[in-house]
Amino acid sequence: MCQKAIYPGSFDPVTYGHIDLIKRAGEIFSEVVVAVAHNAHKNPLFSVKDRVEMLQKATAGIMNVTVEHFDGLVIDYAKKQKSHILIRGLRMISDFEYEFQMALTNRKLAPGIETIFLMPQESYCYLSSKLLKEAASLGADLSSFVPDFVEAALKEKLRDRDN
Ligand code: ADP
């Protein structure tokens, strides 16, 4: 087992795809910090506090995982955490270009930090928080994509937003 890894993202909200990746990372690294980005410019549906709480609930059974939040550059956060490993997910080819660009930019800015990509179980390869929010707003059954409490929170949030 090696070291502490940081898994950064928006997690707006957490899905079974993220949880799958967190479990895989937890098998490889001695400690995994899931780092929720404030990302105000992305206009998230959920507050940082809600996103952290949902992740904490979803990962409560995984002993070597903690959930934190951060603002600013992920490489600065990784240094603060004394970690040099970033975890990111690759679902489809469509993720590749953006993730590749970001990994190389981070490497240029912080040469000691490596990005490691993990692939989820095939059935989660098409799953994204963005698509989920669209499906939720149209009343779709989300039980195969997110835990029950996330589905309930999503539906409540969208109801409040649309009223
Ligand atoms: P971001 O806004 O940083 O893309 P996300 O929360 O959407 O944040 O994703 C965080 C990371 O998790 C990204 O690397 C993304 O590719 C990955 N990810 C998101 N959904 C899935 C999924 N269904 N399976 C595997 N990885 C995923």
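Residues numbered from 1 in each chain as written. Predicted model: local features only at pLDDT ≥ 70, side-chain atom pairs only at ≥ 80, totals over all residues. Heavy atoms only, no water.

### A short note on the site of the ligand
So, point 1. The environment of the ligand is formed by 17 residues, the closest being Tyr-7, Ser-10, Phe-11, Lys-42 and Gly-89.
So, point 2. Within the contact set of the ligand, a nitrogen atom lies 3.1 Å away from a side-chain nitrogen or oxygen of Arg-91.
So, point 3. Leu-127 has a polar backbone atom sitting 2.9 Å from a nitrogen atom of the ligand.
So, point 4. Burial of the ligand by the surrounding chains reaches 91%, relative to a free accessible area of 540 Å².
So, point 5. Of all the secondary-structure elements, those providing two or more residues to the shell around the ligand are β1 (2-9), α1 (16-28), β4 (85-89) and α4 (93-109). (Near = heavy atom within 4 Å. Polar contact = N/O pair within 3.5 Å; in protein donor to acceptor, adjacent residues only side chain to side chain. Areas by Shrake-Rupley, 256 points an atom, 1.4 Å probe, with all protein chains shown as cover. Helix = DSSP H or I, 4+ residues; strand = E, 2+ residues; numbered from the N terminus.)

### So, unusual backbone geometry
So, point 1. The amide bond that connects Asp-12 to the next residue, Pro-13, takes the cis arrangement and shows omega of 0 degrees.
So, point 2. Residue placement: Pro-13 occurs in the loop between β1 and α1.
So, point 3. Positive phi, close to 50 degrees, is recorded for Phe-11, a residue that is not glycine.
So, point 4. The residue Phe-11 is located in the loop between β1 and α1 in this model.

### Things to note about the pairing of strand β5 (residues 114-118)
So, point 1. In the sheet, β4 pairs with β5 via five bridges, with the strands oriented parallel. Within the sheet, the bridge partner assigned to Ile-85 lies in β5 and is Glu-114.
So, point 2. Once you follow β4 into α4 and on to β5, the crossover reads as right-handed. (Pairing = 2+ DSSP bridges. Right-handed = clockwise from strand over helix to strand, strands pointing away.)

### Description of the pairing of strand β2 (residues 29-37)
So, point 1. β2 sits mainly inside the fold: seven of its nine residues count as buried.
So, point 2. Note that β2 and strand β3 (residues 65-70) share six bridges and pair parallel. Bridge pairing in β3 links Ala-37 to Phe-70.
So, point 3. In this view, the connection linking β2 to its parallel neighbour β3 by way of helix α2 (residues 48-58) has right-handed handedness. (Buried < 20%, exposed > 50% of the residue type's maximum accessible area, 1.4 Å probe, protein only.)

### Here's the deal with the nonpolar core
So, point 1. Residues Tyr-7, Val-34, Leu-55 and Ile-87 are the most contacted members of the largest nonpolar core, which totals 34 residues.
So, point 2. Elements that contribute at least two residues to this core include exactly β1, α1, β2, α2, β3, β4, α5 (129-137) and α6 (148-162).
So, point 3. Non-local contacts of Tyr-7, meaning those with residues more than four positions away in its chain, are made with His-18, Leu-21, Ile-22, Val-32, Val-33, Val-34, Ala-35, Ile-87 and Arg-88.
So, point 4. In this structure, Val-33, Phe-70, Ala-110 and Ile-113 belong to the second largest nonpolar core, which totals twelve residues. (Core = buried A, V, L, I, M, F, W, Y, C linked by side-chain atoms within 4.5 Å. Contact = heavy atoms within 4.5 Å.)

### Digging into the pattern of salt bridges
So, point 1. On inspection of all chains with the given rule, the structure shows eight salt bridges.
So, point 2. Here Glu-151 ties to Lys-155 by a salt bridge, and the two come within 2.9 Å at their closest N and O atoms. With a gap of four residues between them, Glu-151 and Lys-155 both fall in helix α6, about one helical turn apart.
So, point 3. Using a relative accessible area of 27% as the deciding quantity, one classes Lys-155 as partly exposed. (Salt bridge = Lys/Arg side-chain N within 4 Å of Asp/Glu carboxyl O.)

### As for α5
So, point 1. Turning to α5, its buried residues number three or more, namely Ser-129, Leu-132 and Ala-136. In a view along the axis of α5, the buried residues occupy a sector of 55 degrees, so they form one face of it. Exposed and facing more than 90 degrees away from the buried side of α5 are Lys-130 and Leu-131.
So, point 2. Where α5 is buried, its residues contact α1 and α6.
So, point 3. A positive phi of about 85 degrees marks Gly-139, the residue just after α5. (Arc of directions from axis to C-beta.)

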